[in-house]
Amino acid sequence: MTIRTARTAVVTGASAGVGRAIAVAFARLGWQVALLARGEEGLEGARREIEAAGGRALPIVADVGDADAVFAAAERIERELGPIDVWVNNAMVTVYGCSVDITPEEFAQVTRVTYLGQVHGTLAALRHMRPRNRGAIISIGSALAYRSIPFQAPYCAAKAATRGFIDSLRSELMNENSAITLSMVHLPAVNTPQFDWARNKFDRKLAPVRPIVQPEPIAAAVVRAAFERPREYWVGTSAVKAIAAQMLMPSVADRLLARAGIENETTDEPADPRVPDNLYQAGRGDPGAHGGFDSESRNYAITFNPAWLRAGAAIGLAAGAALIWRLARADRGRRPMISRT
Ligand SMILES: NC(=O)c1ccc[n+]([C@@H]2O[C@H](COP(=O)([O-])OP(=O)(O)OC[C@H]3O[C@@H](n4cnc5c(N)ncnc54)[C@H](OP(=O)(O)O)[C@@H]3O)[C@@H](O)[C@H]2O)c1
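Residues numbered from 1 in each chain as written. Predicted model: local features only at pLDDT ≥ 70, side-chain atom pairs only at ≥ 80, totals over all residues.

Asker: Whenever I open this one, the overall build of the chain confuses me. Can you help?
Answerer: A tally of regular secondary structure across the chain gives 10 helices and 15 strands. Considering only contacts within the chain whose residues lie at least 6 apart along the sequence, 76% involve residues at least 24 apart. (Helix = DSSP H or I, 4+ residues; strand = E, 2+ residues; numbered from the N terminus. Contact = placed C-beta atoms within 7 Å.)

Here's what the structure looks like:
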């Protein structure tokens, strides 16, 4: 009889950025972590970091846009590490530019990786989790899944599509009384290498829309989601504000974003057209989790569960309705003043 002690997490896009920080955070808790990405150097760097943290890593070169590669990776993980407890879909690519300047092929590639990569990872996880009716799947989302911004249409659309997919699937799992959970963790701007290697049609360097958060507090929120299994978390005040603004006054948000233009998403420095981007192949080297905005990035972020907001709104509505009902009754019970004259 084998006694299984370590739990197993899978993180896609674990060679850099947010995924790298999530993988290390699980390893620090003593979990085994399978790391999926295209770049061998980044995966090797992640493996070293995880082993230095006392964890066990299984790096696998796989393109999440290739469903068979993701299914094969899941088989290998189950064989070598044991049952997958948590699967985190995190990998992404994006293209910055005006929609009319982005080619159909570029739209397709962002969709293939950023949206279909989430679908493939989820289906691969379910192949193994459904027979044992156990497991948590976490989808890394963005405030931009709710509120699209200009000059990143393929990415915003892929994030919104992921939300549509997960919501549909959640009801299907509930329909079969499944114990498997689906959580989405929607992020604010994070200081990751994304802004150095994303395909960029502008002549200025890219930047996250401020305020910027470091990858580690984001990773902490994702690990928390693995334990608390919320429907959604919104991380960072800027994500909460963007989502709330979209829900309450989308036309005002449209105009504000139109007025901000590209200033929000670029720096004053000229872009270097010789630097290769990561749209079709892995970025070069091992950049780690952080991007180039350490000096202006926060080391903390609130983790907001929108279920609290809905519960608060429901209590507020119920209290308001009860008050109106009592006032109406009191009014009906009052006897009319009849003049004696
Ligand atoms: N940074 C932000 O401001 C921000 C804001 C909101 C949400 N997010 C979300 O956070 C997550 C991570 O973003 P990030 O900023 O950390 O991005 P990043 O720094 O660009 O890292 C992207 C990761 O995805 C991997 N990847 C790219 N294409 C892949 C493919 N075809 N197959 C497998 N792996 C692939 C990359 O590794 P290889 O190149 O080696 O394959 C890398 O590990 C994404 O879901 C993103 O939407 C980020």
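Asker: Got a minute to help me understand the site of the ligand in this structure?
Answerer: The environment of the ligand is formed by 32 residues, the closest being Gly13, Gly17, Arg38, Gly39 and Thr192. Every element with two or more residues in the shell around the ligand is listed here: α1 (17-28), β2 (32-37), β6 (136-142) and β8 (189-190). Sorting elements by how many residues they give to the shell around the ligand places α1 first, with 3 residues. A class-by-class count of the residues in the shell around the ligand yields 16 nonpolar, 14 polar and 2 charged. (Near = placed C-beta within 6 Å. Nonpolar A, V, L, I, M, F, W, Y, C, P; charged D, E, K, R; others polar.)

Asker: How do you make sense of the nonpolar core when you look at a structure like this?
Answerer: It is characteristic of soluble globular proteins that their nonpolar side chains tend to be buried jointly. Membership of the largest hydrophobic core comes to 91 residues, with the highest contact counts inside it found for Ala23, Val33, Leu35, Ile218 and Val222. In terms of residues, this core owes the most to one element, α1, which gives 8 residues. Beyond its immediate chain neighbours, meaning those up to four positions away, Ala23 contacts Val11, Ala14, Val33, Leu35, Ala46 and Ile50. (Core = buried A, V, L, I, M, F, W, Y, C linked by C-beta atoms within 7 Å. Buried ≥ 20, exposed ≤ 12 C-beta atoms within 10 Å, placed from the backbone.)

Asker: Looking at this structure, I do not really get the sheet that holds strand β7 (residues 181-187). What am I missing?
Answerer: Strand pairing in a sheet takes place through backbone hydrogen bonds and is either antiparallel or parallel in direction. The strand order across the open sheet built from 8 strands is β3-β2-β1-β4-β6-β7-β12-β15, with neighbouring strands paired in mixed fashion. With one partner strand each, in any of the chains shown, β3 (56-61) and β15 (303-304) form the two edges of the open sheet. Bridge count for β6 against β7 is 7 bridges, and the pairing is parallel. In the strand pairing of β7, Ile138 is matched with Ser183. Contacting β4 (86-89), β6, β7, β12 (232-235) and β15, helix α7 (residues 215-228) runs over the sheet at an angle of about 165° to β7. Contacts from helix α8 (residues 237-248) reach β7, β12 and β15 within the one sheet, and its direction differs from that of β12 by about 115°. (Pairing = 2+ DSSP bridges. Axes fitted to C-alpha atoms, helices over the stretch in contact; angles between N-to-C directions.)

Asker: Help me understand the sheet that holds strand β11 (residues 212-213) in this model?
Answerer: Strand order in the open sheet formed by 3 strands is β8-β11-β14, and the pairing between neighbours is parallel. Edge positions in the sheet fall to β8 and β14 (297-298), since each has one partner strand and no second. For β11 and β14, the ladder comprises 2 bridges, and the chain directions are parallel. Each bridged residue has a counterpart across the sheet, and for Ile212 the counterpart in β14 is Ser297.

Asker: What exactly am I supposed to notice about unusual backbone geometry here?
Answerer: For residues other than glycine, phi is negative in most cases, and the peptide bonds are mostly trans. Arg210 connects to Pro211 through a cis peptide bond whose omega is 0°. If you trace the backbone, Pro211 turns up in the loop between β10 (204-206) and β11.

Asker: Please clarify how the environment of Ser148 should be interpreted in this entry.
Answerer: Here Ser148 lies in the loop between β6 and α5 (153-175). With 17 C-beta atoms packed within 10 Å, Ser148 lands in the partly exposed category. Sequence separation between Ser148 and Gln246 is 98 residues; the distance between their C-alpha atoms is 9.1 Å.

Asker: Just checking my understanding: could you explain the packing of α1 against helix α2 (residues 40-52) for this structure?
Answerer: Any two packed helices are characterised by how steeply their axes cross, that is the angle between the axes, and by the distance between the axes. The geometry of α1 relative to α2 is characterised by a closest axis approach of 9 Å and an angle of 25° between their N-to-C directions. Here α1 is positioned roughly parallel relative to α2, judged by the angle of their axes. Judged by the sense of rotation from one axis to the other, the crossing of α1 with α2 is right-handed. When α1 is examined against α2, the residues Arg20, Ala23, Val24 and Ala27 are found in contact with a partner set consisting of Ala46, Glu49 and Ile50. (Parallel < 35°, antiparallel > 145°, perpendicular 65-115°, else oblique. Left-handed = near helix turned anticlockwise from the far one by under 90°.)

Asker: What am I meant to see in the pairing of β7 here?
Answerer: Regular strands have side chains that alternate between both faces of the sheet. Most of β7 sits out of view: 7 of its 7 residues are buried. Where β7 lies against β12, 3 bridges are found, and the strand directions are parallel. When the bridges of β12 are listed, Val185 appears paired with Tyr233.

Asker: Can you walk me through α1 in this structure?
Answerer: Given 3.6 residues per helical turn, the α-helix brings residues three or four places apart onto the same face. In a regular helix each residue adds 1.5 Å, so 12 residues correspond to 16 Å; α1 covers 17 Å between its end C-alpha atoms and thus fits that length. Buried residues of α1: Gly17, Val18, Gly19, Arg20, Ala21, Ile22, Ala23, Val24, Ala25, Phe26 and Ala27, and no others. After α1 finishes, the residue Gly30 shows a positive phi value of roughly 90°. (Expected span 1.5 Å × (residues − 1).)

Asker: What is the right way to look at the environment of Ser142 in this model?
Answerer: Structurally, the position occupied by Ser142 is in strand β6. Between the alpha carbons of Ser142 and Gly97 there is a distance of 19 Å; along the sequence they are 45 residues apart. Not counting residues within four places of it along the chain, the set of residues in contact with Ser142 comprises Lys159, His186 and Leu187.

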